[in-house]
Amino acid sequence: MNVESLVFYVFAALMIFAGLRVITARNPVHSAMFLVLAFCSASGIWMLLEAEFLSITLVLVYVGAVMVLFLFVVMMLDINLDQLREGFWRWFPFGAALALVMVGEMVYVLGNRKTAATEGLVRHAADYSNIKELGRLIYTDYVYPFEIAAVVLLVAMVAAIALTLRRRIGVKSQNPGKQVLVKKADRLRIVPVAAEKSGSDRAA
Amino acid sequence: MNLATNLYHAGAEVFLLTMVCVILIADLFVAGRGKMFTYMMVQLTLLGCSFITVATHTDGVAIVFSNMYVDDLMSDVLKLLAYLAVSMMLVYSRTYLLTRGLFSGEFMSLALFALLGMMVMISASHFLTLYLGLELLSLSLYAMVALQRDSAVATEAAMKYFILGALASGLLLYGMSMIYGATGSLEIYKISDAIEQGVYNKQLLVFGLVFVVSGLAFKLGAVPFHMWVPDVYHGAPTPMTLLIGSAPKLAAFAFVMRILVEALQPLAIQWSSMLAIMAILSIAIGNLSAIAQTNIKRMFAYSTIAHMGYLLLGVLSGTIEGYSSAMFYAVTYVLMTLGGFGMIMLMSREGFEADNLSDYKGLNQRSPWLAFMMLLLMFSMAGVPPTVGFYAKFSVLQAVVQTGHFALAIIAVLFSLVGAFFYLRVVKLMYFDTPESHEPIQYQADTSLLITFNGLGVLFLGILPGTLMSICAVSVQQSLLLH
């Protein structure tokens with residue numbers, strides 16, 4: 001076993017461990033942190049595959065942006081885990097049996113035959129650019145699915161707005177635009193007040 | 001292939017996407033009563049799409065966008081029918097949505113996005129585009145089911161639909177990745193070539209096939225992956241149920257054809273036995289459970305499960321006759337579903353849902369014409385001649401018998417007799433029971449015209465099925481032989 005496969009196994013074991021902890025951790029904040037660990041190990045594996053751009057994007061986008069947002073949401077929501085886990089142990093034997101059968105079947109199909117060893121990956125030259133290749137593919141061969149993926153994101157946006165935007169009636173709020181446009185004449189009314197005659201009238 | 005050729009073949013998709021964006025923005029500037037403007041724009045867009053699809057039709061099979069998009073007769077026919085289905089859905093649901101305050105620009109643009117997803121699925125020749133089209137369709141549908149935010153039932157239905165849909169997508173993707181691992185390609189024609197030349201890992205391929213079939217069954221709603229269907233059909237607002245139940249089935253048919261028949265034809269022995277089990281279970285459980293329902297939307301949901309069983313019967317026979325009869329079945333199913341749910345919306349009014357079977361009691365006394373149309377639709381769903389449902393079932397069974405699956409055909413016939421009971425019960429309620437209420441049924445002129453067109457269409461196609469049947473046969477034949 002060379003160093004590279006050793007590193008691979010370390011990352012893979014770390015990822016599986018982190019993945020398991022995501023679903024078993026009692027505290028949702030811990031779950032989110034373990035998900036971050038899983039993403040980091042996945043990006044390590046990508047780095048091993050010489051997909052540097054994807055690897056860094058995973059860390060930047062998922063760890064840096066998505067998970068931070070996620071953590072905020074988890075911390076703001078007061079999730080009662082005991083309520084969520086109610087009935088877990090009642091259904092556990094059934095679920096575990098089903099999972100065991102599935103795993104058994106999969107091992108039976110794939111495990112008992114020696115699959116041909118795949119040839120090692122062809123290494124690219126040192127000056128090979130990952131980003132350039134990705135950019136070329138996305139805007140040439142994969143332009144059609146790329147555009148559809150963009151439409152999927154647009155639908156997500158439309159759906160999010162349609163589902164959450166509520167026009168409440170009767171809410172008092174200020175409209176700065178209108179406030180700025182106010183003229184003196186709209187607000188100020190000059191009332192002609194007759195000058196007072198004398199002090200003796202008021203006393204009466 | 002240069003960009004102009006690519007765009008020429010995908011003209012309808014490009015036009016639709018442009019128009020959806022225009023409608024999204026234009027809708028913001030027309031307030032209140034102006035929703036009719038948006039509605040007319042949507043209908044005109046659908047009309048424009050059909051013109052473009054017809055105008056850009058080319059003989060033979062054109063594969064463009066670096067083998068990701070296929071333009072053949074089957075895709076053109078299915079797309080045209082999908083436009084028709086979405087357009088009919090909008091006509092049926094307009095009044096219903098208006099009285100419930102749901103008739104918004106978002107509803108219409110999401111419906112068009114869903115249509116775009118279906119079109120992408122229908123003419124996909126690459127696993128990536130198949131999957132993206134499916135996600136575009138599903139995402140729009142999840143959002144549409146959830147649009148009625150104040151209804152707890154609709155929200156629950158949306159949640160169930162979303163979670164089970166995500167699970168199904170996961171299964172499908174896992175299967176696709178296995179097939180990629182086994183054959184080294186995601187392109188449908190390259191996969192079939194690789195299998196024919198024997199350059200593939202069989203173990204891995206069959207392993208992936210199991211997951212792909214499960215994912216497909218989830219999306220079709222075939223037993224044992226059917227549990228979401230009744231809940232979603234029942235819980236979603238009726239127009240959304242109509243949309244979920246109608247046009248996407250055409251796309252699902254195309255999906256099955258592209259993956260199982262065009263890519264994995266050499267594995268037909270494996271997948272046809274999987275489909276046989278699912279088809280028989282769907283027909284049995286769908287027809288038996290429908291008997292116990294008192295809610296007509298739930299009843300239609302179980303009847304959908306049964307109908308999907310018949311559709312799978314056509315596919316599993318593995319012959320061109322079988323595929324074309326399955327396509328014919330999908331088309332007639334969509335026509336009948338549109339009519340059935342359209343009738344529910346026609347009978348509903350402000351603050352009243354006509355979704356219980358008892359609401360149809362004595363319909364003949366209240367409106368003889370509507371009752372007659374419902375009678376035609378129910379006869380067609382049950383498969384009573386001379387309606388088109390009879391011919392659809394007949395041609396599917398004929399294809400099954402031709403390939404020697406007599407047991408399958410006999411079971412299917414027996415259960416369709418069981419199914420006739422609950423369809424005919426609706427007819428009995430309409431004609432022989434006394435009505436519970438004498439409220440007049442209010443409907444717009446266009447809706448009543450459309451239900452007439454729909455009901456008589458079912459009858460007309462049943463008497464003269466030849467043209468539609470030959471269109472299905474030719475399109476299936478072309479897309480299978482000419483690549």
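Located above this text is the structure these notes cover.
The structure contained in this document is the topic of the report that follows. (Residues numbered from 1 in each chain as written. Chains lettered and ligands numbered in written order. Predicted model: local features only at pLDDT ≥ 70, side-chain atom pairs only at ≥ 80, totals over all residues. Heavy atoms only, no water.)

**A short note on the overall build of chain B**
A count of helical and extended segments in chain B gives 21 helices and two strands. With 483 residues in all, chain B has 63% of them scored as buried. Restricting to contacts in chain B with at least 6 residues of sequence separation, those with at least 24 account for 79%. Element-wise, carbon and sulfur atoms account for 69% of the exposed surface of chain B, whose accessible area totals about 16,600 Å². One finds the centroid of the 20 positive side-chain charges in chain B at a distance of 7 Å from the centroid of its 24 negative side-chain charges. (Helix = DSSP H or I, 4+ residues; strand = E, 2+ residues; numbered from the N terminus. Buried < 20%, exposed > 50% of the residue type's maximum accessible area, 1.4 Å probe, protein only. Contact = heavy atoms within 4.5 Å. Areas by Shrake-Rupley, 256 points an atom, 1.4 Å probe, with all protein chains shown as cover. Lys, Arg positive; Asp, Glu negative; His and termini not counted. Charge placed at Lys NZ, Arg CZ, Asp CG, Glu CD.)

**Brief notes about the pattern of salt bridges**
All names here are of chain B. Following the criterion strictly, the structure yields 13 salt bridges over all chains and no others. Two residues, Glu353 and Arg100, come together in a salt bridge whose shortest N-O distance is 3.2 Å. Within this pair, whereas Glu353 is found in the loop between α15 (320-347) and α16 (363-366), its partner Arg100 is found in the loop between α4 (73-99) and α5 (105-122), the two being separated by 253 residues in sequence. Exposure remark for Arg100: the relative accessible area of 21% places this residue in the partly exposed category. One salt bridge in this structure joins Glu436 and Lys361, with 3.6 Å as the shortest N-O distance. Here Lys361 lies in the loop between α15 and α16 and Glu436 lies in the loop between α19 (406-432) and α20 (445-463), a separation of 75 residues in the sequence. (Salt bridge = Lys/Arg side-chain N within 4 Å of Asp/Glu carboxyl O.)

**A word on the interface of chain B and chain A**
Residue-level contacts link 29 residues of chain B with 25 residues of chain A. Of all residues in chain B, the largest losses of buried area upon contact with chain A belong to Arg149(B), Gln203(B) and Phe207(B), amounting jointly to 24% of the total for that side. Seen at the junction of chain B and chain A, the total is three residue pairs in polar contact (both at pLDDT 80 or more). Listed by contribution, the elements that provide at least two residues to the side of chain B that touches chain A are α2 (11-29), α5, α6 (127-146) and α9 (202-220) of chain B. In terms of residue count, the dominant contributor to the side of chain B that touches chain A is α6(B) (eight residues). (Buried area = accessible area lost by both parts, 1.4 Å probe. Polar contact = N/O pair within 3.5 Å; in protein donor to acceptor, adjacent residues only side chain to side chain.)

**A short note on the nonpolar core**
With 195 residues, the main nonpolar core has Leu115(B), Leu264(B), Trp271(B), Leu313(B) and Tyr360(B) as its most contacted residues. Broken down by element, this core gets its largest block of residues, 18 residues, from α15(B). Leaving out residues up to four positions away in the same chain, Trp271(B) has contacts with Leu209(B), Val213(B), Leu260(B), Val261(B), Leu264(B), Gln265(B), Val315(B), Leu316(B) and Tyr323(B). Within the second largest apolar cluster, seven residues are counted, among which are Val36(A), Leu58(A), Val63(A) and Met67(A). (Core = buried A, V, L, I, M, F, W, Y, C linked by side-chain atoms within 4.5 Å.)

**Some points on unusual backbone geometry**
Across residues other than glycine, the phi torsion is negative in most instances, and most of the peptide bonds are trans. Residues and elements named next belong to chain B. The linkage connecting Val223 with the following residue, Pro224, adopts the cis geometry, with an omega of 5°. Turning to its location among the elements, Pro224 is positioned in the loop between α9 and α10 (228-235). Of note, the amide linkage connecting Pro385 to Pro386 takes the cis form, showing an omega dihedral of 10°. Tracing the chain through its elements places Pro386 in the loop between α17 (368-382) and α18 (388-402). Positive phi values are uncommon outside glycine, yet Ser66 reaches one of about 45°. Examined against the element boundaries, Ser66 turns out to sit in the loop between β1 (62-64) and β2 (69-71).

**Quick look at the side chain of Thr45(B)**
Residues and elements named next belong to chain B. By the secondary structure assignment, Thr45 is in helix α3 (residues 35-55). Of note is the side chain of Thr45, whose polar atom sits 2.7 Å from the backbone oxygen of Met41. When sequence neighbours within four positions are dropped, the list of residues in contact with Thr45 reads Phe15, Leu16, Met19 and Ile23.

**Observations regarding the packing of α17(B) against α18(B)**
Axes are the key here: two packed helices are described by the angle between their axes and the distance separating the axes. Residues and elements named next belong to chain B. Across the interface, α17 lies against α18 with an axial gap of 6 Å and an inter-helix angle of 10°. Our classification of the angle between α17 and α18 gives roughly parallel. Here Ser380, Met381 and Ala382 of α17 lie close against α18, whose contacting residues are Val388, Gly389, Phe390 and Lys393. Across the contact of α17 with α18, the residue classes break down as four nonpolar, two polar and one charged. (Axes fitted to C-alpha atoms, helices over the stretch in contact; angles between N-to-C directions. Parallel < 35°, antiparallel > 145°, perpendicular 65-115°, else oblique. Nonpolar A, V, L, I, M, F, W, Y, C, P; charged D, E, K, R; others polar.)

**Topic: α15(B)**
The terminal C-alpha atoms of α15(B) lie 41 Å apart, and with 28 residues this matches the ideal 40 Å at 1.5 Å per residue to within 8%. Of all 28 residues making up α15(B), 26 are buried, and the element is well covered by its neighbours. (Expected span 1.5 Å × (residues − 1).)

**A closer look at the packing of α15(B) against α20(B)**
Residues and elements named next belong to chain B. One way to put it is that α15 packs onto α20 with a least axis distance of 10 Å and a crossing angle of 150°. In terms of orientation, α15 lies roughly antiparallel with respect to α20. Along this stretch, α15 crosses α20, giving a crossing that reads as left-handed. Residues Leu335, Met336, Leu338, Gly339, Gly342, Met343 and Leu346 of α15 pack against Thr447, Ile451, Asn454, Gly457, Val458 and Leu461 of α20. A per-class count over the contact of α15 with α20 returns eight nonpolar, five polar and no charged. (Left-handed = near helix turned anticlockwise from the far one by under 90°.)

**A few points about empty space enclosed by the protein**
Residues and elements named next belong to chain B. Counted under the stated rule, the structure contains five cavities of 30 Å³ or more. Around the largest cavity, the lining is made up of 21 residues, and of these Leu134, Leu137, Tyr161, Lys219 and Leu220 lie nearest the centre. Elements supplying a minimum of two residues to the lining of the largest cavity: α6, α7 (152-183), α9 and α12 (247-263). Grouping the amino acids of the lining of the largest cavity by side-chain chemistry returns 17 nonpolar, two polar and two charged. (1 Å grid on protein atoms, 1.4 Å probe; cavity = no way out; pocket = protein on both sides within 12 Å on 5 of 7 lines; lining within 4 Å. Points joined across faces, edges and corners; volume = space filled by probe spheres on them.)

**Quick look at the environment of Leu90(B)**
Looking at where Leu90(B) falls in the secondary structure, it is placed in helix α4. Along the primary structure Leu90(B) and His9(B) are separated by 81 residues, whereas in three dimensions their C-alpha atoms are 27 Å apart.

**Thoughts on the layout of surface pockets**
Counted as a void, the largest pocket has a volume near 1,900 Å³. Lining the largest pocket are 39 residues; nearest its centre among them are Trp46(A), Leu54(A), Leu134(A), Leu137(A) and Tyr142(A). Listed by contribution, the elements that provide at least two residues to the lining of the largest pocket are α1 (3-24), α2 (28-48), α6 (130-139) and α7 (143-164) of chain A together with α6 of chain B. The dominant element in the lining of the largest pocket, judged by the number of residues it contributes, is α7(A), at eight residues. Across the lining of the largest pocket, the residue classes tally to 28 nonpolar, six polar and five charged. Each of domain 1 (1-81) and domain 2 (128-164) of chain A accounts for three or more of the residues forming the lining of the largest pocket. (Domains from an automatic or database assignment.)

**Examining the packing of aromatic side chains**
All told, the structure shown has 24 aromatic pairs over all chains when counted by the stated rule. We note Arg100(B) situated over the ring of Tyr96(B); from NZ or CZ to the ring centre the distance is 3.8 Å. (Phe/Tyr/Trp six-rings, centres within 6.5 Å; stacked < 30°, edge-to-face > 60°. Lys NZ or Arg CZ within 6 Å of the ring centre and 35° of its normal.)

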